[in-house]
Amino acid sequence: MTTPDTEEPTLTVDELAARAGVTVRTVRFYGTRGLLPPPVIGPRRVGRYGAEHLSRLALIEELQHHGMTLAAIERYLGRLPEDMSPDDLAIHRAMVASWAPDAPEEISREELSRRAGRELTREDIDRLAALDALEPTGDPEVFRIDPRVLNLGMRLLDVPIALETILAAHAVVVDHTRSAARELGRLFRDEVWGPQRDRESQAGPERVRAKKSLSAHMQPLVVQALVIAFQRSMKQELRAWYGQDLDGAAEEPGSAGDG
């Protein structure tokens, strides 16, 4: 069962827990702590959950993986804008996850289907594998996953875009981010650290620690700047795309502007 951002919440608490990879007890506990917004009460007084709940659960779990206590997570979420969309929350989670070390996990096909909310086909599995969200193991019913990528892969399963298009988009992102990383790396080496600093710095472990300290301070700022710049650029592109449709509609015969 899908819950696109534009649709009303449709997941029961059991379905939400399965999709998020947590227990129903955990969902209810987060709700009592105010970490999750209350569900929409539907017919027969059944609570329904949607994309925002899924995105918030994923962010909460990510923050916990970083060692944050529930009290710290409450303060963290409390500082976020109230009007953050599920996509905004997903981007926020991706930024948090980018600082976590790679921690591949093994998961059964049954659990994959539970998280997807439906039985996964061979095509679905191939799609997730092509996105590097999972890879086969020696057991055909067990897969090795990257939790950071799997969440994105699951969201893309129900997007009506051909796999070839998604892979082409992935290639564009990888190519341009690598190019940006190389150029920014050159700037830091040549302009921030510089030949003079290189000559003055001590050799050996102390020099390595100094360079690691610099990168540790700069990397979060660079990633945040890249995300903000990309979001703004995408919004401009989307506005132009929507505008084409609006302009075309205005020019149709019989429209208000047709003389």
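Described in the following lines is the structure provided in the data block.

Quick notes on the rules
- Residues numbered from 1 in each chain as written.
- Predicted model: local features only at pLDDT ≥ 70, side-chain atom pairs only at ≥ 80, totals over all residues.
- Heavy atoms only, no water.
- Phe/Tyr/Trp six-rings, centres within 6.5 Å; stacked < 30°, edge-to-face > 60°.
- Buried < 20%, exposed > 50% of the residue type's maximum accessible area, 1.4 Å probe, protein only.
- Helix = DSSP H or I, 4+ residues; strand = E, 2+ residues; numbered from the N terminus.
- Arc of directions from axis to C-beta.
- Contact = heavy atoms within 4.5 Å.
- Lys, Arg positive; Asp, Glu negative; His and termini not counted.
- Salt bridge = Lys/Arg side-chain N within 4 Å of Asp/Glu carboxyl O.
- Pairing = 2+ DSSP bridges.
- Axes fitted to C-alpha atoms, helices over the stretch in contact; angles between N-to-C directions.

To continue, consider the packing of aromatic side chains. For the coordinates displayed, the defined rule picks out one aromatic pair. Aromatic pair F29 and Y30: ring centres 6.3 Å apart, planes at 45°, arrangement tilted. Judged by its relative accessible area of 3%, Y30 falls in the buried class.

Below, the discussion takes up helix α8 (residues 147-157). Those residues of α8 that sit buried are L150, G153, M154 and L157. On an axial view of α8, the arc spanned by its buried residues comes to 100°, and they lie on one face. At its buried positions, α8 is contacted by α6 (109-116), α7 (122-130) and β5 (142-145).

What follows concerns the side chain of E61. Its place among the elements puts E61 in helix α3 (residues 51-65). This buried residue, E61, is left without a salt bridge; R115 holds the nearest opposite charge, at 8.4 Å. The contacts of E61, once residues within four sequence positions are left out, are V22, T26 and Y30.

Quick look at the pattern of salt bridges now. If you walk through the whole model with that rule in mind, you get nine salt bridges. Here E74 makes a salt bridge to R33, at a shortest N to O gap of 2.6 Å. On the criterion of sequence distance, the pair formed by E74 in helix α4 (residues 70-78) and R33 in the loop between α2 (24-32) and β1 (40-41) is long-range, its members being 41 residues apart. Residue R33 is classed as partly exposed on the basis of its relative accessible area of 34%. Salt-bridge contacts for E111 lead to R114; the nearest nitrogen and oxygen are separated by 2.6 Å. Here R114 and E111 lie together in helix α6, a separation of three residues that amounts to about one turn. When its relative accessible area of 18% is taken as the criterion, E111 is described as buried. Several salt bridges share partner residues, and in doing so they unite E106, E135 and R144 into one network.

Peptide bonds are mostly trans, and most non-glycine residues show a negative phi. Residue R44 is not a glycine yet carries a positive backbone phi of 60°. Within the fold, R44 resides in the loop between β1 and β2 (47-48). For D132, which is not a glycine, the phi torsion comes out positive at approximately 65°. With respect to the helices, strands and loops of the structure, D132 is situated in the loop between α7 and β4 (134-136).

The three strands lie next to each other as β3-β5-β4, forming an open sheet whose pairing is antiparallel. Each edge of the open sheet is held by one strand with a lone partner, namely β3 (105-108) and β4. Across this sheet, the average inter-strand angle for adjacent strands is 35°, counted without regard to direction. Where β4 meets β5, three bridges bridge the pair, whose relative direction is antiparallel. By the bridge assignment, E135 is partnered in β5 with R144. Running over the sheet, α6 touches β3, β4 and β5 and is turned about 85° from β3.

Such coordinate-based values are descriptive only and should not be taken to indicate function.
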